[in-house]
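# Architecture and fold: a report
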Amino acid sequence: MTTATPPTPLTLDVLLFASLAEAFGCSSIPVALEAGDTVGRLREVVLADPRATLAAGQVRVAVNHAFAADDLALRPGDEIALIPPVAGG
Amino acid sequence: MTPIGLVRAPIDAAALLAAVASPGHGATALFVGTVRDHNDGRPVTGIEYSAYEPMAVLELERIAGEARDRFSVAVAIQHRLGTLGLGEASVVIAVAHARRAPALDALGYVVEELKRRVPIWKREHYADGSRAWVAATVPTPETITEPLVAQPEVR
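Reading the values: rules and limits
- Residues numbered from 1 in each chain as written.
- Chains lettered and ligands numbered in written order.
- Predicted model: local features only at pLDDT ≥ 70, side-chain atom pairs only at ≥ 80, totals over all residues.
- Heavy atoms only, no water.
- Contact = heavy atoms within 4.5 Å.
- Buried area = accessible area lost by both parts, 1.4 Å probe.
- Salt bridge = Lys/Arg side-chain N within 4 Å of Asp/Glu carboxyl O.
- 1 Å grid on protein atoms, 1.4 Å probe; cavity = no way out; pocket = protein on both sides within 12 Å on 5 of 7 lines; lining within 4 Å.
- Points joined across faces, edges and corners; volume = space filled by probe spheres on them.
- Helix = DSSP H or I, 4+ residues; strand = E, 2+ residues; numbered from the N terminus.
- Nonpolar A, V, L, I, M, F, W, Y, C, P; charged D, E, K, R; others polar.
- Pairing = 2+ DSSP bridges.
- Axes fitted to C-alpha atoms, helices over the stretch in contact; angles between N-to-C directions.
- Core = buried A, V, L, I, M, F, W, Y, C linked by side-chain atoms within 4.5 Å.
- Buried < 20%, exposed > 50% of the residue type's maximum accessible area, 1.4 Å probe, protein only.
- Phe/Tyr/Trp six-rings, centres within 6.5 Å; stacked < 30°, edge-to-face > 60°.
- Lys NZ or Arg CZ within 6 Å of the ring centre and 35° of its normal.
- Expected span 1.5 Å × (residues − 1).
- pLDDT = per-residue confidence, 0-100.

As a further point, take the interface of chain B and chain A. Listed per partner, the contact involves 31 residues of chain B and 21 residues of chain A. Summed over both partners, the interface of chain B with chain A buries about 2,100 Å², with 66% contributed by carbon and sulfur atoms. The largest share of the area that chain B buries against chain A comes from Tyr 52, Trp 121 and Trp 133 of chain B, three residues that together contribute 31% of it. In this structure, the connection of chain B to chain A is made through one salt bridge. Close ionic contact of Arg 123 of chain B with Glu 22 of chain A constitutes a salt bridge, the shortest N to O distance being 2.6 Å.

Following this line, the structure appears as structure tokens:
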């Protein structure tokens, strides 16, 4: 029988913008994850919040100022932002 | 003037033209995006622009770099933030090349990629006093990696 290692908690601050910031009433939120959790997991957790007004397909995640793939594992110190539909120009 | 960047004061299109000028260029293409007085049938009185600023600057620089690589053009891009009135320029893009075709193709590429990828948002102000976020484009992996403007076929 193996002893499961308890997951290492990883809490990350996530930046919010535009309609998402307005929906949450703040420009960043702490998100409780576990070490090894991915971008896709982070988006699931944030968008499961009842304040979230957008669907997963409408929100991209940026890590350290670049769009990130869903399978990227997050690390302590990453700058993470949720990017709702953009409207520059 | 920074050739690529975000600004809070009115954009000087002549300065962008000067930034891409070179004696070897025979064609300079200029795009000016301005605040329009209507959207989807509603009278608009102004637009408020905001951005995830450090990433927006990097994304503008990446797009400019792609345009240089693909089309061998000189590029200048400025996007304005803050509240703009009708007719004010929200974005100015200048692209220059020896000849017109690459200049025009590169200009189209930069405009479309900017609209797809750069984390900038706008909230329209309407004549009735209400405001709404404009959800223009969802950036997707496809739109980030695929060139929007087809490259000319080499025969």
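Read on for the rest.
As a further point, take the layout of surface pockets. Leftover empty space is mapped by rolling, across the atoms, a probe with the size of a water molecule. Volume-wise, the largest pocket comes out at about 320 Å³. What lines the largest pocket is a set of 22 residues, among which Gly 88 and Gly 89 of chain A together with Arg 36, Lys 115 and Lys 122 of chain B lie closest to the centre. Looking at the lining of the largest pocket, the elements that each hand over two or more residues are β2 (27–34), β3 (38–39), β4 (42–51), β7 (89–97) and β8 (120–126) of chain B. Partitioned by chemical class, the residues of the lining of the largest pocket number ten nonpolar, eight polar and four charged.

Our focus in this paragraph is the sheet that holds strand β5 (residues 74–80) of chain B. Residue and element names in this part refer to chain B. Strand order in the open sheet formed by four strands is β1-β5-β7-β2, with mixed pairing between adjacent strands. This sheet does not close on itself; its edge strands, each paired only once, are β1 (4–7) and β2. Across this sheet, the average inter-strand angle for adjacent strands is 10 degrees, counted without regard to direction. Two elements, β1 and β5, share four bridges in a ladder whose sense is parallel. Along β5, the bridge assignment pairs Ile 4 with Ile 77. On top of the sheet, helix α3 (residues 100–117) reaches β2, β5 and β7; it is set at about 150 degrees to β7, its chief contact.

A separate point is the nonpolar core. As a rule of thumb, soluble globular proteins bury nonpolar side chains together. Within the largest apolar cluster, 32 residues are counted, with the highest numbers of intra-cluster contacts made by Val 75, Ile 77, Ile 93 and Val 110 of chain B. Secondary-structure elements contributing two or more residues to this core are β2, β4, α2 (53–71), β5, β7, α3 and β8 of chain B. Looking at this core, the element that brings in the most residues is α3 of chain B, giving seven residues. Leaving out residues up to four positions away in the same chain, Val 75 of chain B has contacts with Ile 4, Val 20, Ala 64, Ala 67, Arg 68, Ala 94, Val 95 and Val 110 of chain B. Leu 16, Ile 29, Leu 42 and Leu 47 of chain A belong to the second largest nonpolar core, which has 23 residues in total.

A word on the side chain of Arg 80 of chain B. Residue and element names in this part refer to chain B. Structurally, the position occupied by Arg 80 is in strand β5. Of the residues examined, Arg 80 reaches a relative accessible area of 9% and is grouped as buried. Look past the residues within four positions of Arg 80 in its chain and what remains in contact with it is Val 7, Arg 8, Ala 9, Pro 10, Ile 11, Tyr 49, Glu 88, Ala 89 and Ser 90.

Tallied over the full model, the rule gives three aromatic pairs over all chains. Ring geometry for Phe 17 of chain A against Trp 121 of chain B: centres 5.1 Å apart, planes inclined by 10 degrees, an arrangement best described as stacked. Taken together, the residues span two chains, with Phe 17 of chain A in the loop between β1 (9–15) and α1 (18–24) and Trp 121 of chain B in strand β8. Residues Phe 17 of chain A and Trp 121 of chain B agree in their burial class; the two are buried. Every member of this aromatic cluster is reached through a ring pair, and the members are Phe 17 of chain A together with Tyr 52 and Trp 121 of chain B. Its end group placed over the ring of Tyr 126 of chain B, Arg 42 of chain B keeps NZ or CZ at 3.8 Å from the ring centre.

If you check α2 of chain B, its first and last C-alpha atoms are 27 Å apart, about what 19 residues at 1.5 Å a residue would give, namely 27 Å. Where α2 of chain B terminates, the next one or two residues include Ser 72 of chain B, which has phi positive at roughly 55 degrees.

What follows deals with the confidence of the model for chain B. Here chain B averages 90 in pLDDT, and 88% of its residues register 70 or above. Overall fold confidence for the complex sits at a pTM of 0.89, while the interface term, ipTM, reaches 0.92.

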